[in-house]
Amino acid sequence: MSTILFELGCEELPPKSLKPLRDALQASVTEQLNEADISFDSIKSFAAPRRLAIQIQGISDKQPDRSEQKRGPAIKAAFDSDGNPTRAAMGFAKGLGIEASELITINTDKGDYVGYEQTIQGQATTELLPTIFQTALDNLPIAKRMRAGSSRNEFVRPVQWAVLMQDDAVIDATIQGHQTGTQTRGHRFHSPDYHNIAHANDYEKLLDGLKVVADFDKRQMLIKNQVKALADEVNSDAIVPQDLLDEVTALVDFPIALRASFEARFLQVPQEALISTMQADQKYFCLTDKTGKLQPYFIFITNIESKDPNQIIEGNEKVVRPRLADAEFFFLQDQKQPLFALTESLKTRVFQDKLGTIWEKSERIAKLAAFIATLMQQQGTKIDIEETVRAAMLAKADLASSLVGEYPELQGIAGTYYARLNGEPAAVAASLEEQYLPKFSGDVLPQTPIGISLALADRLDTLVGIFAIDQAPTGSKDPFSLRRSAIGVLRILIEKQLPINLVALVEQAIKGYSTSDGSKIAKMGDTFTQVMAFLNSRYRAMYTEQGVSVDTIQAVQAINPHMPLDFDQRIRAVQAFSELPQASMLAESNKRVANILAKSESAVADKVDESLLHESAEQALYQAVQQAQTAVKPLLETADYTRILQTLVSLDAPLTQFFADVMVNSEDAALKNNRLALLKQVRALFLTVADISELQL
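So, a few notes on the structure that sits alongside this text. (Residues numbered from 1 in each chain as written. Predicted model: local features only at pLDDT ≥ 70, side-chain atom pairs only at ≥ 80, totals over all residues. Heavy atoms only, no water.)

Observations concerning the environment of F216
Heads up, the rule is: In this text, helices come from DSSP runs of H or I with a minimum length of four residues, and strands from runs of E with a minimum of two, each type numbered from the N-terminal end. Contact definition: two residues touch when any of their heavy atoms are within 4.5 Å.
Within the secondary structure layout, F216 lies in helix α6 (residues 216–233). For the pair formed by F216 and K19, sequence separation is 197 residues and the distance between their alpha carbons is 7.7 Å. Contact partners of F216, with chain neighbours within four places excluded, come to L18, K19, R22, A47, D246, T249 and A250.

This is the structure we're talking about:
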């Protein structure tokens, strides 16, 4: 058992790709070793700006030997009547390089055959590794490969060196056009020369001494700890997004965190703009106080151990100052006119060629948001209709601002700042940012009633409009993010406990496209059908992400509820029902009931004639159904679907007994029809919640 070390040295690797490249390399090598039946104790990957490496410990020296059985012709064809091998047998033996006398008999279900069992010697691990590593490199997820100089080898960056060792010896190979050796390089500035690796186990320790922390996770933890320590010194919290942390970790070999500052006057600018420019452009970690307010500090990670860190700090302060000044300029420039004045330019800004301008979209959103606000008001929510309309007309105004022009990610956020500065009502100002929530899967939802109305109206207007012009998502293409918008609508209605019907919302959104000049939607009926189908199709994506089984979703979708909140309540009820011991039998019985009713050649009656119930089992089922109908009625009025299904569990025993004792398809037509009517009532009871027959329990 030995240790293998592989390292590929390159020019600086793409920082956003370093971690995925590391993970893909390890996964591929691991998979290939397992396929080759090469055992090992552990495998560890390394990734730094100029290297990708793999260290495998406790690896076997060779593949295990294996036996392989070759089967030849049937015994009857292999030997003649005197027991001598035929030409068929001798030809088979010759092909294997053996004598016919060495053949054995193989017994199978289809008869006896001649054969031979040979031992295949396992290959040495060192013979297989070069191909394994080269294959892993070839399969890395690299969008665009490049060649260096006259080399025909392609990689994400020019390759400078390659190491492949078994313990203290080189495994001779050519990988990515480079002859393997035992020499690596340290930090580009602190230790740029080649250094010999004495043993594969020494790799990480050697690089530590050469100012390279090769372990990506260890390097990232060093950064996190240093950033936290510097933030604590000024009683602040660091904003450390994982994507930014991964990128910064990939940029440095030897991380050293330093804290710098900027002028407090910049804090009058929306902090989102300052944070955006410092994170995106400079890769800085911003600091906030305990309430989340930005502080005039930032932390950056340097790759050099400087004798005079203050020079580096001052240099970064000089670099960031003009960027913050730009944000300040745009912010002050926008304030020279009120927010509402910016809406004038929206009249010439196109939302979509066939759907008109952003101003026209704002008008549609205002009408739809007012409709939604009215529904919410009727349900007891405190919401001002006039303020809702005002917010809708201001919602897209900041798209014409200089700040959003420079920082597109601030749309909505900038509007909220400007609305507050203009003295707009607090509810109106807050809703301008909230209209874009949720922005991604799992994101927070709008909190204010007006924000909820705008978020729903904006998404529904886009959904209806884009479907109306035949631009629905296809495959992986979804340029208008309609899938995300649809799930946003469902999440808001469900998680905000809004009992609002999707039919009413979609119909109202379609009406919004009608003007005095006619409608922008040529086929209103088709658009309605397509949008409703699209919204209903998103339930599956949304609930499977939550761990809900597909059959549970299908059981609810089968009855097509139009209210997302109601849909969710049914989902939760079916989930609870599925955990009951009687659920499996009831699901099977429901399938049987559904199949029987589906095969009926004539319409099944709604009422049961009690006088035709002759069998004790059908009488018992009828009584159980009557009791269940009485118990379910008040529960249905309160939409207590969980208790409804718990109540219907009482039908398990009588329904099972009914199928055991009663012939549904009786030759007596009256008895048959009456029994079908009874089963129809059973099915109707379950369909008040979901189609339980869809469950796979």
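Quick notes on the packing of helix α16 (residues 482–495) against helix α20 (residues 564–578)
Note the threshold: With axes taken as lines fitted to C-alpha atoms, and helix axes fitted only over the stretch in contact, angles between N-to-C directions fall between 0 and 180 degrees. The scheme is simple: roughly parallel for angles under 35 degrees, roughly antiparallel for over 145, roughly perpendicular for 65 to 115, oblique for anything else. Charged residues are taken to be Asp, Glu, Lys and Arg, nonpolar residues to be Ala, Val, Leu, Ile, Met, Phe, Trp, Tyr, Cys and Pro, and polar residues to be all remaining types, Gly included.
Remark: α16 packs on α20, axes separated minimally by 8 Å, with the N-to-C direction vectors making an angle of 75 degrees. When the interaxial angle is binned, α16 and α20 end up roughly perpendicular. Facing α16, whose interface residues are L490, L493 and I494, α20 presents P564, L565 and D568. In terms of residue class, the contact of α16 with α20 is made up of five nonpolar, no polar and one charged.

Quick word on the packing of aromatic side chains
To keep it simple, the criterion reads: Any Phe, Tyr or Trp ring, taking Trp's six-membered ring, that has another such ring centre within 6.5 Å forms a pair; planes under 30 degrees apart are called stacked, those over 60 apart edge-to-face, and the others tilted. Exposed residues in this analysis have more than 50% of their type's maximum accessible area, buried residues have under 20%, and partly exposed residues fall in between, with area computed by a 1.4 Å probe over protein chains only. Charge over a ring is defined by NZ of Lys or CZ of Arg lying within 6 Å of the ring centre and within 35 degrees of the ring normal.
Tallied over the entire structure, the rule returns 13 aromatic pairs. Measuring from centroid to centroid gives 5.2 Å for F46 and Y203, while their planes differ by 70 degrees, and the two rings are edge-to-face. Of this pair, F46 sits in strand β2 (residues 42–48) while Y203 sits in helix α5 (residues 203–209), placing them 157 residues apart in sequence. In this pair, the class of F46 matches that of Y203, namely buried. Consider the rings of F298 and F300, whose centres lie 6.3 Å apart with planes at 40 degrees: the pair is tilted. Judged by relative accessible area, F300 falls into the buried class, the value being 4%. Among the aromatic residues, those joined into a ring-pair cluster are Y284, F298 and F300. Directly above the ring of Y113 sits R71, whose terminal nitrogen or CZ lies 4.3 Å from the centroid. The ring of Y194 is capped by R185, whose NZ or CZ atom sits 4.8 Å from the centre of that ring.

Topic: the pairing of strand β17 (residues 285–288)
Quick reminder of the rule: Whether two strands pair comes down to DSSP finding at least two bridges between them.
Alternating residues of β17 divide into F285 and L287 and C286 and T288, and every residue in both groups is buried. Relative to strand β18 (residues 294–302), β17 runs antiparallel, the two being bridged by three bridges. Following the sheet pairing, C286 is matched in β18 by F298. In this antiparallel pair of consecutive strands, β17 and β18, the connection spans five residues, and G292 shows a positive phi of 95 degrees.

Concerning the sheet that holds β17
Pairing between the strands of a sheet is mediated by backbone hydrogen bonds and can be parallel or antiparallel. With antiparallel pairing, four strands are arranged side by side in an open sheet as β15-β17-β18-β16. The two strands at the open ends of the sheet, each matched to only one other strand, are β15 (237–238) and β16 (256–261).

A closer look at unusual backbone geometry
The omega torsion across L437 and P438 is -5 degrees, close enough to zero to call that bond cis. Position of P438 relative to the elements: it lies in the loop between α14 (426–434) and α15 (449–468). Positive phi is not limited to glycine here, since K283 has a value of about 60 degrees. Relative to the elements of secondary structure, K283 occurs in the loop between α8 (271–280) and β17. Under the relative-accessibility criterion, K283 is labelled partly exposed at 21%.

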